[in-house]
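# Working through the structure, step by step
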Amino acid sequence: MSRLSGRAIAAVVLVTLTGRAAGSGGPPPLPDYVTAAATAPVDQAALAAGRLGIMKGHAPAAILYLDWRLLNGLRVDAASTASLATPCCGRSQNDESAWLAARRAVPGASTDLYYVATDREGPNYTAIPTCFPDAFVTATATLQARIARYEAKSPDVRAWLAAQDAVFDACSKSGVTLPVLAANAPAWLRADHGYQEAALALYDARLDEAERDFVAIGRDRGSPWQPLALYLQARVIQRRALDRPGADNFARAHEAIAKLESAPAGTYGKGEVERMKQVLDYHEQPAALLARLDRALNAPGVPGDVAVKFKDYQSLSATAPQMPDAADWIATLDPKDRAAGLAHARARWQASHKTAWLLAALSLAMPADADAGALVDDAARLPASDPGWLTARYHRLRLTIARRPPAELRAEVDTILARRDLTPSDRNIFLAVRAQSASSLADFAAHALRRPYCTGAGRGCVDGDWPAGDGMLGRQGHGYVGFGGDARAIIDRLPLAQRLTLARDPSLPREQRLDLSLTNYARAVLLQDDAAIDQTARALTGLLPQVRRDWLAIVATPPGPAKRFAEIVVMAKIPSLRTDLADYARPEGSEPSFAGYWVDWLRVPVGGKAPAPSFPPAGAYMPQGFWDGRDSDAGPDEADLPCAGKCGPGTFALHMPGFAAPLTAAALRERSHFFTDATIGPDARGARSLWEDALAFVTAHPNDPRAAETLYRLIRVARWGGNHEHLGRRAFMLLHSRYTGSVWAKRSPFYYDS
């Protein structure tokens, strides 16, 4: 699929940001309807309660491990779910943010520091973490304690901060040194400085120096850092063993960790002993450690420190001669070769009869696969009490929707949707299946909306970085809803008559009826369907009152060139206007703030040459999909719209509901009138731009009260849309020659040409 041009991307970003800022009562939720990450509380609660829901093959490995446990009858609890569902990034932004906020309390501290790099460059473009969250926690607590005792304005506190800034500089840079202390520095500052010196040496990999300094701190009963010294000595010695592997260094590391382990209860760092031992085993005895971790991770109870254990388990499994079963299952769900992965999963299912392997095979299967029929039969036999039942049902529906009686399929999905234990994400997936098997337009409308549940403030609960491309939201009751990607694809494949009916459906929120009406209006204008134009214009007087006078002018003007001109005038005021929901952005705010970019609407005369019409590809309706009109659905497109590509390599191809399938031929005929510079090219023989019609009307009707403003708007269209045959220059010349003193001429000191 083609990407938008830089200009278009900028415009879409502007539209997106504008849309999010609108509304009241806080930011709307992010229009992401399906999640595999399970970072939202509702998803974590379901897992912790033992409800697997739809197992998603593209979920993070840690979530799949939880799924594996549930599928194998092993316990999952809230603590382990929260631990494994938290995205692992090796650092805590909250801890770092707290540090940055604390340091700004010191007068004179730089206020433009927003980030501390915590990694050093490694070989082959890798990054090696140097400073961890506990460093920021310790620094924040220490600074706040020093401020409380000596005041933020104290020169000694500023000296402490300067040294600590140098320590954190050493997280990512070599050769950093601490500022020299004043000769009369107080004892507390000297003690802190000694600790900072040792920490900097550790970050800078000057391990002998760091060990010597921490030993000295351990001997200094007057240092507030003495309780940490034993742990930090062990850390330094352990790091030496990892940096310089060898029997002597490993023996020293084991000895240092054993010394920490035998220290009195409450000794700082004693809780890290097991983790430190595991780190050594990872490098010394990887095979033995992997076997031990596999036993621990498949025990009936969730092991303590499960996230750390699982991370090492995954890493060691990747290079093991033979993967343990759980790691093999997780890797099979996202194979490099889908067919090979399916064959492996099927073989494991037949050999083990474990539900987990049946679900793996189902998630990899496509309807045309030879194995699909047998897998569907196996899925049908899975008892409802099995934790994998819902996943098996979803894939059975996915693999059979094109050949099962629609009524039977609807009844099955309705039964599932009647359940009260579905997560919002899983409910949205089954709603997508239901919409694609709708019996009528009204039935489709009843299942086309999805309810997002991630708030703008909780951005981390969605999987992608930019889910806003999945459509705009509308208010319904006390919440928000939006069309699912599959629903928008189906709507764009309906003829105008059905779209007009849908736009009048009172069960849809006002915002969705606005989106439908605007795209219907663009279609009606290109089809030159005056009745449809008037119908949509009347509806839009209430749905988009910012340009109400323009809608009324269209309705009041009889068919002919003047009506045509009125239609184009309002199009020049709405840069985001489109014929399809695939490339649509809702106009927000007042009319001057409408954002987006115009397209060069073209019409081909009778007998003119034009490309064969086609629908937008299904991929254009994916959460982060783009479409600028250039790609069509002519080629293979297996975009997984119901599950947003998160359920596995076996995708759910777009299925037109029974009532809509016979209408696609008529919809395609209508599309032979929907051409833009992107779909037909500006040099198409005989093609004429709608903007050219507006310029011609103004030229012929110099006294029309809208003439000067229209020329001003055509200059903007040429700048942010189609500059057909130097439209901007011609509009500029006419505006400044004919309406020199007008406000519109003053607002247009320049024109843009290309």
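Below you will find a few notes about this structure. (Residues numbered from 1 in each chain as written. Predicted model: local features only at pLDDT ≥ 70, side-chain atom pairs only at ≥ 80, totals over all residues. Heavy atoms only, no water.)

### Some points on the pairing of strand S4 (residues 473–476)
Working note: regular strand, side chains alternate between the two faces of the sheet. Formally: Strand pairing is assigned whenever DSSP identifies at least 2 bridges connecting the two strands. A run of H or I in DSSP becomes a helix once it reaches four residues, and a run of E becomes a strand once it reaches two; helices and strands are each numbered from the N terminus.
Relative to strand S5 (residues 479–483), S4 runs antiparallel, the two sharing four bridges. Paired with Leu473 across the strands is Gly482, a residue of S5. Two successive antiparallel strands, S4 and S5, enclose a turn made up of two residues, where Gly477 displays a positive phi of approximately 65°.

### Observations concerning the state of the cysteines
Definition in use: Disulfides are defined as cysteine sulfur pairs within 2.5 Å. Only protein chains enter the calculation, and the probe is 1.4 Å; a residue is then buried if its accessible area is under 20% of its type maximum, exposed if over 50%, and partly exposed in between.
The tally for this structure, following the rule as stated, stands at two disulfides. One disulfide bridge connects Cys131 with Cys171, the sulfur atoms lying 1.8 Å from each other. Judged by the sign of its S-S torsion, about -95°, the bond between Cys131 and Cys171 is left-handed. Within this pair, whereas Cys131 is found in the loop between strand S2 (127–129) and helix H6 (133–150), its partner Cys171 is found in the loop between helix H7 (155–169) and helix H8 (187–203), the two being separated by 40 residues in sequence. Here the two residues Cys131 and Cys171 agree in accessibility, since each one is buried. Two residues, Cys643 and Cys647, share a disulfide whose sulfurs are 1.8 Å apart. Taking the sign of the S-S torsion, about 70° here, the bridge from Cys643 to Cys647 comes out right-handed. Residue Cys643 shares its accessibility class with Cys647, and that shared class is buried.

### Considerations on the pattern of salt bridges
For clarity, the cut-off: Salt bridges, as used here, are contacts in which a Lys or Arg side-chain nitrogen is within 4 Å of a carboxyl oxygen on Asp or Glu.
This structure, assessed with the given rule, holds 48 salt bridges. One salt bridge connects Asp369 with Arg338, and the closest N-O pair in it is separated by 2.8 Å. With Asp369 in the loop between helix H17 (355–364) and helix H18 (372–381) and Arg338 in helix H16 (residues 338–352), this residue pair connects regions lying 31 residues apart in the sequence. Taking relative accessible area as the criterion, Arg338 reaches 24% and is therefore assigned partly exposed. A salt bridge links Arg729 to Asp753, with the shortest nitrogen-to-oxygen separation between them at 3.8 Å. With a gap of 24 residues between them, Arg729 in helix H32 (residues 727–738) and Asp753 in the segment after helix H33 (743–746) connect regions that are remote in the sequence. According to the relative accessible area criterion, Arg729 is partly exposed, its value standing at 34%. Given a relative accessible area of 34%, Asp753 falls into the partly exposed group. Taken together, the shared-partner salt bridges in this structure form one network comprising Arg393, Arg396, Arg404, Glu408 and Glu412.

### Description of the packing of aromatic side chains
Here is the rule we go by: Stacked, edge-to-face and tilted labels apply to pairs of Phe, Tyr and Trp rings (six-membered ring for Trp) whose centres lie within 6.5 Å, assigned for plane angles under 30 degrees, over 60, and everything in between, in that order. Think of it as a cone above the ring: NZ of Lys or CZ of Arg counts as a charge over the ring if it is within 6 Å of the ring centre and within 35 degrees of the ring normal.
One pass over the structure, following the stated rule, counts 17 aromatic pairs. Geometrically, the ring pair formed by Tyr231 and Tyr268 is edge-to-face, given 5.6 Å between the ring centres and 70° between the ring planes. Of this pair, Tyr231 sits in helix H10 (residues 226–243) while Tyr268 sits in the loop between helix H11 (247–261) and helix H12 (273–284); the two residues are 37 residues apart in sequence, bridging distant segments of the chain. For Tyr268, a relative accessible area of 35% puts it in the partly exposed group. Centroid distance Phe565 to Phe697: 4.3 Å. Interplanar angle 15°. Geometry classified as stacked. Of this pair, Phe565 sits in helix H28 (residues 561–571) while Phe697 sits in helix H30 (residues 690–700), and the two are 132 residues apart along the sequence. An aromatic cluster is defined as three or more aromatic residues linked by ring pairs; in this entry it consists of Trp99, Phe136, Trp160 and Phe168. For the cation-ring pair, Arg578 lies above Tyr597, with the distance from its terminal atom to the ring centre recorded as 4.5 Å.

### With respect to the pairing of S5
Judged by how many residues are buried, S5 sits mostly within the fold: five of five residues are covered. Burial along S5 is two-sided: the face carrying Gly479, Val481 and Phe483 and the face carrying Tyr480 and Gly482 are both buried.

### What about the nonpolar core?
Nonpolar side chains tend toward joint burial in soluble globular proteins. Threshold: In these notes, a set of buried Ala, Val, Leu, Ile, Met, Phe, Trp, Tyr and Cys residues joined through side-chain atoms within 4.5 Å is what counts as a nonpolar core.
Counting residues in hydrophobic clusters, the biggest one holds 77 residues, and the most contacted among them are Phe444, Tyr521, Trp551 and Trp691. In this structure, Leu47, Ala62, Trp68 and Ile330 belong to the second largest nonpolar core, which totals 50 residues.

### Overview of helix H25 (residues 510–527)
Given 3.6 residues per turn, any residue in an α-helix points the same way as the ones three and four places further on. Rules: Expected helix span is given by 1.5 Å per residue-to-residue step, counting one fewer step than there are residues.
Its 18 residues place the ends of H25 25 Å apart at the C-alpha level, agreeing with the 26 Å of an ideal helix rising 1.5 Å per residue. Summarising burial for H25: 15 of the 18 residues are buried, a large majority. Phi turns positive, to about 55°, at Gln528, one or two residues after H25.

### Here we look at the sheet that holds S4
Convention followed: Residue contacts are defined here by distance: any two heavy atoms, one from each residue, within 4.5 Å place the two residues in contact. Only the contacting stretch of a helix is used when fitting its axis, a line to C-alpha atoms as for every element, and angles between N-to-C directions run 0 to 180 degrees.
Strands sit in the order S3-S5-S4 across an open sheet of three strands; the sheet is antiparallel. Two strands close off the open sheet at either side, each with one partner strand: strand S3 (449–450) and S4. Along the sheet, helix H23 (residues 485–492) contacts S3 and S5; its crossing angle with S5, the most-contacted strand, is approximately 45°. Contacting S3, S4 and S5, H25 crosses the sheet at an angle of about 140° to S4.

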